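What the coordinates show
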Amino acid sequence: MKTRLLLLSLLVSANCMAQRTETYISDWEFSRDSMAWEQVTVPHDWAISGPFDKKWDLQNVAITQNGETEATEKSGRSGSLPWIGEGFYRTVVDIPDGYEHAELLFDGAMSEPLVRVNGKVAGGWKYGYNAFRVDITPYIGTTKEGKTGEKATVEVHLNNLEESSRWYPGAGIYRPVRLIMTQKARIDDWSVFVKTVSIDSHGALVNVSFCAKDVEEGMKVAVYLKDPKGNFVGRKNLDMPADGRVSTDFRVNDPLLWSPESPTLYRAGISIATMETQEDTGAGPGRGRMPGLRPLDNKEWKFGIRTIDVSKEHGFQLNGMTRKLKGVCLHHDLGPLGAAVDRDALVRQIRILKDMGCDAIRTAHNMPSTWQMEVCDSLGMMVMAESFDMWIYPKCKNGYARFFNEWAEKDITNLVLNHRNHPSIVMWSIGNEIPEQWSDEGRQISQRLQDLIHRLDDTRPVTQGMDRAEDALGSGFAQVMDVPGFNYRVYKYDKNISQLPVGFLLGSETASTVSSRGVYKFPVVITDNSQFASYSPNYNPAALKDADGQCSSYDTEFCAWSNLPDDDFLMMDERPYTIGQFVWTGFDYLGEPTPYDEYWPSRSSYFGICDLAGLPKDRYYLYRSQWNDSEHTLHLLPHWTWTGREGKVTPVYVYTDLPEAELFVNGKSQGRISKDISQKELVCDPQHPEQQTAERNVLDRYRLRWNNVRYEPGEIRVVAYDSKGNKALERSLSTAGKAERLVMSTSLLPTPSAEGKYQDEGDAVYRHGETIFITVTMTDGDGNLVPNAQDNLRFEVSGAGSYVAACNGDATSLQPFTQPEMRLFNGQAVVVIRAANGEGDIRVRVTSTVSGISKEMIFRKK
């Protein structure tokens, strides 16, 4: 017993952590030609500074996913930024004496990274979205005793080909790089799997398995679990097997389960040690301590206790509780920060989505970053972790299809091994709109990749997004999947389900409604924007030529292959076989400017519920009204400043979870109306186009609409009532006067008061290294948003911080993000700063170069 206690106390002591060192390698030199070098900080995206130009990756293609058959010029398809070409990175890492093994862990590098150490090729990868490891031990010096000890030069070569992406991929070492140094005998990090086997009334059964490398006879293992407070809830001491493979179970009583509502994280620890010899200790009469245990390696992993199940009888279940996924798809870029991953930006995204009521994201269409998964673990956001956008058949000339046959299984393996301990991940996705879905070859590939994932992880289902339902069902492609996922065309759901033995389906990609924040177009009509699409019989070249590159925020515009949110709400509410949806997309992203694929200067998407700057569009509140079950929503649109529209019909919409409301214009009632739950016909079903022009349709089930209001300056006010007829909330908007003030806010959602007024927040605080997002709003003297303000702003940052970027959410803006100026778009913009690792205040001054209006905000260290 004393030996067992000694082993555990030794192995979990702080001292043994010194046997492993993990360091982020952030300081690098970068060059585009390997001749002129500059200092950069990794994560780094070399292309995000621009300039925007249609010449970058100008593609003359037909987008078959959109139904196109003839090639046309697509100027903004991949973001119109200079990401194409080669890039070179180099750094020097210090390998201290005493370590026997060293490896580099790249979380992602765009793209085709080739790694050299001390001039020799040490490793590399093909897929820019995947993590990979490089053992650099053979390329660094060793002592006679086999210990490392020198500085090593690391060089990384990247190459991005034209037409290799359907969206902005970014460029560079855009995710973190870690140096991991251990003894020769060590834990293989990616072999570690902590999984919940079962949960019952007696507690949870948790299994911990792993493989240790280069083990020797007589080695010992300690495995333990800790609760969120650091208390041990399980611990075992074991002899190391000869093959280094360990698997052991723990019973955890009264476990705190992980869920989006309660994202509780435990820790699993593994330690290995060996018996010291007299030679190790210098032991003997009068010569030091007696032989004992010498720690070799120790590490802890966060994990969550939770179970996942999907069935015909119960749908999707988390911890035995049925729920429908309320998810969004996210591209990997972070707007004005580009592809360079930033933990604070990820936190901001997830917190904004959670306030909306969203509980899941799909990493479309690529492997996620480790930081993103850690944020989802800690904040409580379920994840569909996706892998590929194409297999053998290329969607773009130089895409991943070049590598699929040789690399697909290696990529899937890295994806799963790297991420399977994240409790946030609830399913894996092996593809998006794969062209092979019509064929038996595609069915076989689906089965092979799904089986591979099952061997690596037997706790999660596998899915993929299919956009050709008839083809996928006819070939058996859909039927082999654990979770059949269908993209769009909800009017086919009833037919699809009749051919699915599993008895359920997932809306793996939904809506693709398009809008621009603060833009409202008249008359308000439901439209698929086919007048802008050259492949459509409704194509009107004159309309495209005269277009402004914006979409209406009345949320009535979609695409020929998609639909409005209301149709998806209806299918989730009325079809028990649906297990949830993932909306395209949570945030706007760089590239894919549909419906303006052929319009310059559109260079980013319109699909987002939030814009490229992270500011919520009106549509955010439509989803919030359906998804946020803990707080009421009451949102009023459009703004009420319409010089020149006096007396003209200006419809007013209200997004609310409450069933009934009354609208007033300057105190005069426009009527009290209720949601029409009798509406059960899809509005975007091509077989029933009459629904789009009907006086009442499914929009009236999920929105309150006053379609005949005539504009007059002043105030609009809405009063909402609960199901018992009691007054619950009210909101108002007023006509704005002359622009007089700039308001700065670091609030997650800088929304006005119930009276529609924006107010200053005063000074704020910061922490070392924090990335801070500041929303700037132009108001009149009373705090009303000036919705037509387009002033150019100049930013000055002084003290213990620096300017990073700015963005206004305008998909047609060609102003570089990284230059310290940006115009307002419909009265708002976001500026991003970063706190240094020093002391003192940060001062941020914003000045309109048009009017001279200025505002300063001070940040003080926490």
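Regarding the overall build of the protein
Within the protein one finds 12 helices and 47 strands. Computed over its C-alpha atoms, the radius of gyration of the protein comes to 28 Å, within 12% of the 29 Å expected for a compact globule of 862 residues. On the principal axes, the C-alpha backbone points of the protein span a range of 105 × 65 × 55 Å. Classification of the 862 residues of the protein by burial places 61% in the buried group.

Here's the deal with the state of the cysteines
One pass over the full model with this rule turns up zero disulfides. For Cys559, which is in no disulfide, the shortest distance to another cysteine sulfur is to Cys551 and amounts to 7.9 Å. Judged by its relative accessible area of 3%, Cys559 is buried. Just so you know, Cys610 is unpaired, no disulfide at all, and the nearest cysteine sulfur is the one on Cys358, 10 Å from it. On the accessibility criterion, Cys610 (0% relative accessible area) is buried.

Some remarks on the sheet that holds strand S42 (residues 792-799)
Strand order across the open sheet formed by five strands is S40-S47-S46-S42-S44, with mixed pairing between neighbours. With one partner strand each, in any of the chains shown, strand S40 (764-766) and strand S44 (821-823) form the two edges of the open sheet. Taking the axes of each pair of neighbouring strands and ignoring which way they run, one obtains an average angle of 30° across the sheet. Inspection of the sheet shows S40 paired to strand S47 (residues 854-861) by three bridges, in the parallel sense. Following the sheet pairing, Tyr766 is matched in S47 by Lys861.

Points about empty space enclosed by the protein
The final tally for this structure, using the stated rule, is seven cavities of 30 Å³ or more. Counted as a void, the largest cavity has a volume near 300 Å³. Considering the residues around the largest cavity, the lining is formed by 24 residues, among which Tyr127, Tyr129, Ser164, Gly399 and Tyr400 are closest to the centre. Classifying every residue of the lining of the largest cavity by side-chain character gives 11 nonpolar, eight polar and five charged.

Describing the packing of helix H5 (residues 404-419) against helix H6 (residues 440-456)
Packing of H5 against H6 brings their axes to within 10 Å, and their N-to-C directions diverge by 30°. Between H5 and H6, the interaxial angle falls into the category roughly parallel. Both H5 and H6 take part in a crossing whose hand is right-handed. The residues of H6 that touch H5, namely those facing Phe404, Glu409, Ile412, Thr413, Val416 and Leu417, are Ile445, Arg448, Leu449, Leu452, Ile453 and Leu456.

Looking at the packing of aromatic side chains
Centre-to-centre distance and the angle between the planes together describe a pair of aromatic rings. One pass over the structure, following the stated rule, counts 36 aromatic pairs. Ring geometry for Tyr596 and Tyr599: centres 5.3 Å apart, planes at 55°, overall tilted. For the pair Tyr596 and Tyr599, a shared accessibility class is recorded, and that class is buried. Site record: aromatic cluster; members linked through ring pairs are Tyr127, Tyr129, Phe388, Trp391, Tyr400, Phe403, Phe404 and Phe477. When the ring centre of Phe664 is taken as reference, the NZ or CZ atom of Arg717 above it lies at 4.6 Å.

Remarks on the pairing of strand S16 (residues 220-226)
Burial analysis of S16 places six of its seven residues in the buried class, which makes it a mostly covered element. Inspection of the sheet shows S16 paired to strand S17 (residues 232-239) by seven bridges, in the antiparallel sense. Across the sheet, the residue bridging to Lys220 is Asp239, located in S17. Following S16, the chain reverses through five residues before pairing antiparallel with S17; Gly230 in that reversal takes a positive phi of roughly 90°. For S16 and strand S19 (residues 266-275), the ladder comprises seven bridges, and the chain directions are antiparallel. Among the inter-strand pairings, Leu225 is bridged to a residue of S19, identified as Ala268.

A word on the sheet that holds strand S23 (residues 321-322)
Overall, antiparallel pairing links the three strands, which are arranged S21-S22-S23 in an open sheet. Of all strands in the sheet, those bounded by a partner on one side alone are strand S21 (308-311) and S23. By the bridge criterion, four bridges tie S21 to strand S22 (residues 315-318) in an arrangement that is antiparallel. Across the sheet, Asp309 pairs through a bridge with Gln317, a residue of S22.

Looking at the pattern of salt bridges
Considering all chains together, one arrives at 55 salt bridges under this definition. Residues Lys195 and Asp458 are paired through a salt bridge, measuring 3.1 Å at the closest nitrogen-oxygen approach. Of this pair, Lys195 sits in strand S14 (residues 193-200) while Asp458 sits in the loop between H6 and strand S28 (462-466), and the two are 263 residues apart along the sequence. The class for Asp458 is exposed, based on a relative accessible area of 54%. Here Lys727 ties to Glu730 by a salt bridge, and the two come within 2.6 Å at their closest N and O atoms. By relative accessible area, which is 53% here, Lys727 ends up exposed.

Criteria and thresholds
- Residues numbered from 1 in each chain as written.
- Predicted model: local features only at pLDDT ≥ 70, side-chain atom pairs only at ≥ 80, totals over all residues.
- Heavy atoms only, no water.
- Helix = DSSP H or I, 4+ residues; strand = E, 2+ residues; numbered from the N terminus.
- Rg over C-alpha atoms; globule rule 2.2 N^0.38 Å.
- Buried < 20%, exposed > 50% of the residue type's maximum accessible area, 1.4 Å probe, protein only.
- Disulfide = S-S within 2.5 Å.
- Pairing = 2+ DSSP bridges.
- Axes fitted to C-alpha atoms, helices over the stretch in contact; angles between N-to-C directions.
- 1 Å grid on protein atoms, 1.4 Å probe; cavity = no way out; pocket = protein on both sides within 12 Å on 5 of 7 lines; lining within 4 Å.
- Points joined across faces, edges and corners; volume = space filled by probe spheres on them.
- Nonpolar A, V, L, I, M, F, W, Y, C, P; charged D, E, K, R; others polar.
- Parallel < 35°, antiparallel > 145°, perpendicular 65-115°, else oblique.
- Left-handed = near helix turned anticlockwise from the far one by under 90°.
- Contact = heavy atoms within 4.5 Å.
- Phe/Tyr/Trp six-rings, centres within 6.5 Å; stacked < 30°, edge-to-face > 60°.
- Lys NZ or Arg CZ within 6 Å of the ring centre and 35° of its normal.
- Salt bridge = Lys/Arg side-chain N within 4 Å of Asp/Glu carboxyl O.

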